[in-house]
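Survey of secondary and tertiary structure
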Amino acid sequence: MKIRSSWVVIFIMLIGLILGTVIGSYCGSISALSWLNYGQVFGLTSPLVLDLGALVLTLGLTIKINIASVLGIVLAFLCYKLLVR
């Protein structure tokens, strides 16, 4: 049961991250809420390409964290704690 619970927490926090990022992106154009879109981008700026002749692999990962996404993670975790008691 503990393993299943851990996956649920990770899934809920991922949903909070995604919703927070979307909300932050939309609030970026509103002057009073533009601070929610302030953040940083981490990852590979250009993808890593591995050419093996018959097979070409392109690998890349970029993570955008903004204030709204952090708030989304925190709110998702708090909602989980309140609902699972």
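Our subject is the structure listed above.
Let me sum up the structure you'll find in this document. (Residues numbered from 1 in each chain as written. Predicted model: local features only at pLDDT ≥ 70, side-chain atom pairs only at ≥ 80, totals over all residues. Heavy atoms only, no water.)

**A word on the overall build of the chain**
Across its full length, the chain carries two helices and four strands. Counting from the amino terminus, helix and strand elements in the chain follow one another as α-β-β-β-β-α. Each principal axis of the C-alpha distribution contributes one length, and for the chain these read about 55 × 45 × 15 Å. Counting every position in the chain, which comprises 85 residues, the buried fraction comes to 15%. In the chain, once contacts between residues fewer than 6 apart in sequence are set aside, the share between residues at least 24 apart is 55%. Just so you have it, the chain exposes about 6,900 Å², and 74% of that area is on carbon and sulfur atoms. (Helix = DSSP H or I, 4+ residues; strand = E, 2+ residues; numbered from the N terminus. Buried < 20%, exposed > 50% of the residue type's maximum accessible area, 1.4 Å probe, protein only. Contact = heavy atoms within 4.5 Å. Areas by Shrake-Rupley, 256 points an atom, 1.4 Å probe, with all protein chains shown as cover.)

**Overview of a nonpolar patch on the surface**
On the surface, Leu44, Leu48, Leu50, Leu52, Leu55, Leu57 and Leu59 cluster together into a nonpolar patch covering about 640 Å² of accessible area. Elements that contribute at least two residues to the nonpolar patch include exactly strand E2 (48–51) and strand E3 (56–59). Along the chain, Leu44 falls in the loop between strand E1 (39–43) and E2. Residue class for Leu44 comes out partly exposed when judged on its relative accessible area of 44%. (Patch = residues over 30% accessible without salt bridge, like charges linked within 9 Å, V, L, I, M, F, W, Y side chains within 5 Å. Salt bridge = Lys/Arg side-chain N within 4 Å of Asp/Glu carboxyl O.)

**Examining the pairing of E3**
Relative to E3, E2 runs antiparallel, the two sharing four bridges. Bridge assignment links Leu48 to a residue of E3, and that residue is Leu59. Connecting E2 to the next strand, E3, in antiparallel fashion are four residues, including Gly53 with a positive phi near 90 degrees. (Pairing = 2+ DSSP bridges.)

**Observations concerning the side chain of Thr21**
Its place among the elements puts Thr21 in helix H1 (residues 2–27). Looking at Thr21, the relative accessible area reads 19%, which means it is buried. If we ignore the near neighbours within four places in the chain, the residues touching Thr21 are Lys64, Asn66 and Ser69.

**With respect to the side chain of Ser69**
Turning to its location among the elements, Ser69 is positioned in helix H2 (residues 67–84). Only 2.7 Å separates the side chain of Ser69 from the backbone oxygen of Asn66, close enough to count as a polar contact. Residues within four places of Ser69 in sequence aside, it is in contact with Gly16, Leu17, Gly20 and Thr21. (Polar contact = N/O pair within 3.5 Å; in protein donor to acceptor, adjacent residues only side chain to side chain.)

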